[in-house]
Amino acid sequence: EPEVTQTPSHQVTQMGQEVILRCVPISNHLYFYWYRQILGQKVEFLVSFYNNEISEKSEIFDDQFSVERPDGSNFTLKIRSTKLEDSAMYFCASAQRVENGYTFGSGTRLTVV
Amino acid sequence: QKEVEQDPGPLSVPEGAIVSLNCTYSNSAFQYFMWYRQYSRKGPELLMYTYSSGNKEDGRFTAQVDKSSKYISLFIRDSQPSDSATYLCAMSDMTGGSYIPTFGRGTSLIVHP
């Protein structure tokens, strides 16, 4: 069964450093998303991406965040200057049709120290 | 404010029991309702989705939506230890074609042999 692949599975970074989280969505999917889940809290929407541009973003997705689809297969989330409160699981998701729900990846656990 | 309320549990049941998982919501504009299952250290996996009030059945799972009460349920029949996971409800108002769901915080289910 097709799956969304995320790398790395765990990343530890120092506060203030830049990190790039990588995702390979399902190949025939058109809609791409990043979510995060702080330990013990809700899954929170960050950003959606369609037709090579951001279609929606949440208040969390401020200027320190950016997304790219550099080569037609990868979908990346960059955090420019990490803060301690950015520590969370980051999930990538993709969908062929949004009304059919998303397929999530297994996540990247980001730890900022 | 879009809010979805879900009891975090844990809910512990014996194998074979019927499980009832519930969410309430405050936004009457929500039209699209989903249930996701999340195993430890994995991404959410879509179980079921529905647009309307009433019941939808898929194998041992039944999703129920009562829009008048702003209440949704997921029933699991003949529960198995492999059903042990966190169950997330999610819902969307589809405003302007957006399907970005708001998630509940999840209910932890433990099915013991």
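Counting from 1, residues in each chain are numbered in the order their sequence is written. Chain letters start at A and ligand numbers start at 1, both assigned in the order the entries are written. In keeping with the model being predicted, local features are shown solely for residues with a pLDDT of at least 70 and side-chain atom pairs are shown and tallied solely at 80 or more, while totals for entire chains, interfaces and linings include all residues. Just so you know, side-chain values use all the structure's heavy atoms and leave hydrogens and water out.

*Asks:* Explain the pattern of salt bridges residue by residue, including any values.
*Replies:* Every case where a carboxyl oxygen of Asp or Glu lies within 4 Å of a side-chain nitrogen of Lys or Arg is listed as a salt bridge. In total, this model carries five salt bridges over all chains according to the counting rule given. Lys42 of chain A is paired through a salt bridge with Glu3 of chain B; the nearest N and O atoms lie 3.5 Å apart. In this pair, Lys42 of chain A is assigned in the loop between strand E4 (31-37) and strand E5 (43-50) and Glu3 of chain B in the segment before strand E1 (4-5), connecting two distinct chains. Glu45 of chain B is the partner of Arg37 of chain B in a salt bridge, and the nearest nitrogen-oxygen pair spans 3.1 Å. Any residue under 20% of the maximum accessible area for its type is buried, any over 50% is exposed, and the rest in between are partly exposed; the area is computed with a 1.4 Å probe on protein chains only. Residue Arg37 of chain B is classed as buried on the basis of its relative accessible area of 12%. Helix and strand assignments come from DSSP, with helices taken as H or I runs of at least 4 residues and strands as E runs of at least 2, each series counted from the N terminus.

*Asks:* Could you give an account of the nonpolar core, with specific residues and numbers?
*Replies:* Judged by nonpolar contacts, the single largest core of 24 residues is most densely connected at Trp35, Ile72, Leu74, Tyr87 and Met91 of chain B. Residue assignment for this core shows that the elements contributing at least two residues are strand E3 (19-25), strand E4 (32-38), strand E5 (45-50), strand E7 (61-66), strand E8 (71-76), strand E9 (85-92) and strand E11 (107-112) of chain B. Residues count as neighbours in contact if any of their non-hydrogen atoms are within 4.5 Å of one another. Once residues lying within four places of it in the same chain are set aside, the contact partners of Ile72 of chain B are Leu21, Asn22, Cys23, Tyr25, Phe33, Trp35, Gln64, Val65, Cys89 and Met91 of chain B. Counting residues in each nonpolar core, the second largest holds 21 residues, with Leu21, Ile26, Phe32 and Leu110 of chain A among its members. Only buried residues count toward a nonpolar core. Its members are Ala, Val, Leu, Ile, Met, Phe, Trp, Tyr and Cys residues joined through side-chain atoms within 4.5 Å.

*Asks:* Account for the sheet that holds E3 of chain B, with residues named and values stated.
*Replies:* Residue and element names in this part refer to chain B. Ordered by their spatial adjacency, five strands build an open sheet running E1-E3-E8-E7-E6, and the pairing between neighbours is antiparallel. At either margin of the open sheet sits one strand with a lone partner, and together these are E1 and strand E6 (54-58). Note that E6 and E7 share five bridges and pair antiparallel. Its bridge partner lying in E7, Gly54 is registered against Val65. For two strands to be treated as a pair, DSSP must find at least two bridges joining them.

*Asks:* Give a description of the sheet that holds strand E3 (residues 19-24) of chain A that names residues and reports values.
*Replies:* Residue and element names in this part refer to chain A. Across the sheet, which stays open at both edges, the four strands sit in the order E1-E3-E8-E7 with antiparallel pairing between neighbours. At either margin of the open sheet sits one strand with a lone partner, and together these are strand E1 (5-7) and strand E7 (65-68). Strand-to-strand, the axes of this sheet are offset by a mean angle of 20 degrees, without reference to chain direction. Relative to E3, E1 is paired through three bridges, and the arrangement is antiparallel. Looking across to E3, one finds that Gln6 is bridged to Cys23. Helix axes are fitted to C-alpha atoms over the stretch in contact, other axes to C-alpha atoms as well, and angles between N-to-C directions run from 0 to 180 degrees.

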